[in-house]
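Chain by chain, the residues:
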Amino acid sequence: MTNNIKSVVGGRTFSLVMFSCVLGFVLFKRLYRDLGDIFLFFFVLGTIVSVYYNFRWVKKDPVFIAFFLSLTVPVLSWLNSKIQIPELAKDSPSPFFFYDFFFFWFIAYWTNGRSERIVAILFCYCLSVLGIYLSHSPDLAAEIRRGLSGTRIDFHLVNAQHTSLFAGFGLIASSFLLVAKSTLTRNIEVGKKLLSLTFVVFFTLVIVITQSRQVWLALAACVLFYPIALKLLLPSRTSTRKMLATYAVLVLLLAGAANLNIIENRLNAEGSTITRITNLDLDSVSDSGSIGVRLHLWFEAWEWIMARPLLGSGEDAREIVISESKDLPDFVRADFTHLHNSHIETFVSFGIIGSVLVYFLMIYPTYRIVVAPPNSIRKTWRIFSLVVLAFWMTVNLFESYLYSANGIYIFSVFFGIIYSFKFGQQSDEIDNNQENPRKKHFCQT
């Protein structure tokens, strides 16, 4: 009986069913949550069953180990807050605070680093974002027209920043869909490229009219990072002269984009504040305006970080920093519940110990791809991993996406793709050992 179950769980059909549930999660998690959660339940349950029969190699996975370590971080942080700020500490800890940070592992488990599966996930993400916009906006076309006339729009999502975040990752997804190689027939491949190009144009338009400066900055960082990433990953194929020429073209393109009326007006909206920050005249920065409020929130948080640097002040610290402040304006204390910076919030809440865990989950998947043997992973997905990491780290400098439902969803989808190559390589090793069961013993003698 056990062997029969094991053969079913390890079979192709079971893998396809579980991956179909992954696609259902990607498509519906933020579009129609109840349905998305059903798909999530099934592929998590299926993964647990599969792990039971493959525990011998799964137990060595660093991310798998990190999950159990993550249970201790909120507890230690809570204990620290009970000792140092008992009047503000929660009554009890939340050991599973980080559990949803690990959904990407389940997606990676069934994606296996296969290009066809990655392409399917990226298409489902683009379709999901389009569906989210259509389901939230009473008149999508009218809002786009208003956006083109200079009005900042958000399609009635959380705010324009979240709308733009979805579009930013949609642009990354559709751009890599354009260049991703697959085994599709010629006609289907042409259709894929046309649809991808349509998504590229659409998401670019949304990014412009949502006027989210952190997404613009993140995209600029990715664009400027691309040539040097190509040089580092493929040193023998990319000459320094070509790299510099590419930079020159990209700088001209960015300069041209900055001269668009919508972008220019948005960039100049707080020009005096940016000038003061550039001149390090931070004391004169007003505590009003988008940039000024963020800066003063971060100043306030810095005091809390320095007071409890190792373990932080507990999971609710980002709200307490604001509510307990004597320097922030009344409207900030009344209306703001987070610090508009995921990196700072991590240090405030969980200190250096918790930050090591969070940065490990963000950086380790990309690190594995970068250091993998040259021919084991296509250059498309190597560059994809670096672009996603650069974009994600940048946008979280100005918003608390990592601690929001939309942010966790995006993190799960894109870092699940990145980490999936780990399981693809693991599957190859298992297949090789099964084909030659004496190989492992022979290599040890």
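Residues numbered from 1 in each chain as written. Predicted model: local features only at pLDDT ≥ 70, side-chain atom pairs only at ≥ 80, totals over all residues. Heavy atoms only, no water.

Asks: Please set out the packing of helix α16 (residues 290-307) against helix α19 (residues 342-371) residue by residue, giving values where relevant.
Replies: Two elements in contact, α16 and α19, have axes separated by 9 Å at closest approach and are oriented at 30°. Overall, the two elements α16 and α19 adopt an arrangement that is roughly parallel. Note on packing geometry: the crossing formed by α16 with α19 is left-handed. Mapping the contact onto sequence places Trp-298, Ala-301 and Ile-305 in α16 and Ile-344, Phe-347 and Val-348 in α19. Each residue belonging to the contact of α16 with α19 can be placed in one class, and the counts come to six nonpolar, no polar and no charged. (Axes fitted to C-alpha atoms, helices over the stretch in contact; angles between N-to-C directions. Helix = DSSP H or I, 4+ residues; strand = E, 2+ residues; numbered from the N terminus. Parallel < 35°, antiparallel > 145°, perpendicular 65-115°, else oblique. Left-handed = near helix turned anticlockwise from the far one by under 90°. Contact = heavy atoms within 4.5 Å. Nonpolar A, V, L, I, M, F, W, Y, C, P; charged D, E, K, R; others polar.)

Asks: Lay out the pattern of salt bridges with the relevant residues and their values.
Replies: Within the structure shown, the criterion is met by nine salt bridges. Asp-37 serves as the salt-bridge partner of Arg-33, at 3.4 Å between the closest nitrogen and oxygen. Of this pair, Arg-33 and Asp-37 both sit in helix α3 (residues 33-53), four residues apart, roughly one helical turn. On the basis of relative accessibility, which here comes to 52%, the residue Arg-33 falls in the exposed class. (Salt bridge = Lys/Arg side-chain N within 4 Å of Asp/Glu carboxyl O. Buried < 20%, exposed > 50% of the residue type's maximum accessible area, 1.4 Å probe, protein only.)

Asks: Residues and numbers for the side chain of Ser-70, please.
Replies: Secondary-structure assignment places Ser-70 in helix α5 (residues 62-70). On the basis of relative accessibility, which here comes to 1%, the residue Ser-70 falls in the buried class. Excluding residues that lie within four positions of it along the chain, Ser-70 makes contacts with Pro-95, Phe-98, Phe-102 and Leu-357.

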